[in-house]
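Observations on the model geometry
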Amino acid sequence: MAYDATGRLHEIFDEQQVSEKFRKREFVLEVVDGQYPEHIKFQLVQDKTALIDQYKVGDEVKIAFNLRGRGFNKNGQMLYFTNLEAWRIEPAAGGAAAPQGGGGGYQQAAPRAAAPAQNQNPNLRASSAPIASDDDNDLPF
């Protein structure tokens, strides 16, 4: 399922070459939720790592991302991890043109008539945008 979040860029990390075939770049988005802000770490992978280059800490942005989870067996014990994999970044201001090199022409799908229960946080919500299949996933596990 695809989600989006709106907030202020809090930190941007350098790109990491994890293996010969896999690279990632992480960043932290500050999302105001009630009295205290939430600091949520996202990752960009492979050819998407440059999407954050045109932004700086303090910019208000809207992030489209997929919720990804994996499990693996390590020494007979099953371990799990979750990633928020961003695939589009655009300015948060409504109606503003996307910067050059932006989200690759993705569009939001029209709302469905009968949507499931909505998340209470208006800055973090599900969308019906397409999700990449595991076939185009270059993760090493």
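A quick note: this is a predicted structure, and the numbers were derived from the prediction, not measured.

So, how was this worked out
- Residues numbered from 1 in each chain as written.
- Predicted model: local features only at pLDDT ≥ 70, side-chain atom pairs only at ≥ 80, totals over all residues.
- Heavy atoms only, no water.
- Helix = DSSP H or I, 4+ residues; strand = E, 2+ residues; numbered from the N terminus.
- Buried < 20%, exposed > 50% of the residue type's maximum accessible area, 1.4 Å probe, protein only.
- Contact = heavy atoms within 4.5 Å.
- Areas by Shrake-Rupley, 256 points an atom, 1.4 Å probe, with all protein chains shown as cover.
- Core = buried A, V, L, I, M, F, W, Y, C linked by side-chain atoms within 4.5 Å.
- Polar contact = N/O pair within 3.5 Å; in protein donor to acceptor, adjacent residues only side chain to side chain.
- Phe/Tyr/Trp six-rings, centres within 6.5 Å; stacked < 30°, edge-to-face > 60°.
- Salt bridge = Lys/Arg side-chain N within 4 Å of Asp/Glu carboxyl O.

From N to C terminus, the chain includes zero helices and seven strands. Beginning at the N terminus, the succession of helices and strands in the chain can be written as β-β-β-β-β-β-β. Within the chain, the proportion of its 141 residues that are buried is 30%. Sequence separation of 24 or more characterises 56% of the internal contacts of the chain that already satisfy a separation of 6 or more. Entry remark: accessible area of the chain is about 9100 Å², with carbon and sulfur atoms responsible for 49%.

Let us now look at the nonpolar core. Core analysis: the biggest nonpolar cluster contains 15 residues, and Phe27, Leu29, Phe42, Ile63 and Ile89 have the highest contact counts within it. Of all the secondary-structure elements, those providing two or more residues to this core are β1 (2-12), β3 (22-33), β4 (36-45), β5 (60-74) and β6 (77-91).

This brings us to the side chain of Glu30. Relative to the helices and strands, Glu30 resides in strand β3. There is a polar contact of 3.0 Å between the side chain of Glu30 and the side chain of His39. Residues in contact with Glu30, not counting those within four places in the same chain, are Gly7, Arg8, His10, Pro37, Glu38 and His39.

What follows deals with the packing of aromatic side chains. Within the structure shown, the criterion is met by four aromatic pairs. Geometrically, the ring pair formed by Tyr3 and Phe65 is stacked, given 5.7 Å between the ring centres and 20° between the ring planes. With a gap of 62 residues between them, Tyr3 in strand β1 and Phe65 in strand β5 connect regions that are remote in the sequence. Their ring planes at 15° and their centres at 5.5 Å tell us that Phe27 and Phe42 sit as a pair that is stacked. With a gap of 15 residues between them, Phe27 in strand β3 and Phe42 in strand β4 connect regions that are remote in the sequence. For Phe27, a relative accessible area of 0% gives the class buried. Look at Phe42 and you get buried, because its relative accessible area is 1%. Among the aromatic residues, those joined into a cluster by ring pairs are Tyr3, Phe27, Phe42 and Phe65.

Glancing now at the pattern of salt bridges. Throughout the structure, instances matching the rule amount to seven salt bridges. Between Glu15 and Arg23 there is a salt bridge, with the nearest N and O atoms lying 3.5 Å from each other. Relative accessible area serves as the criterion here: at 39%, Glu15 is assigned to the partly exposed category. In this structure Arg23 comes out as partly exposed when scored by relative accessible area, which is 28%. One salt-bridge network, in which partners are shared between bridges, spans Lys24, Glu26 and Lys41.

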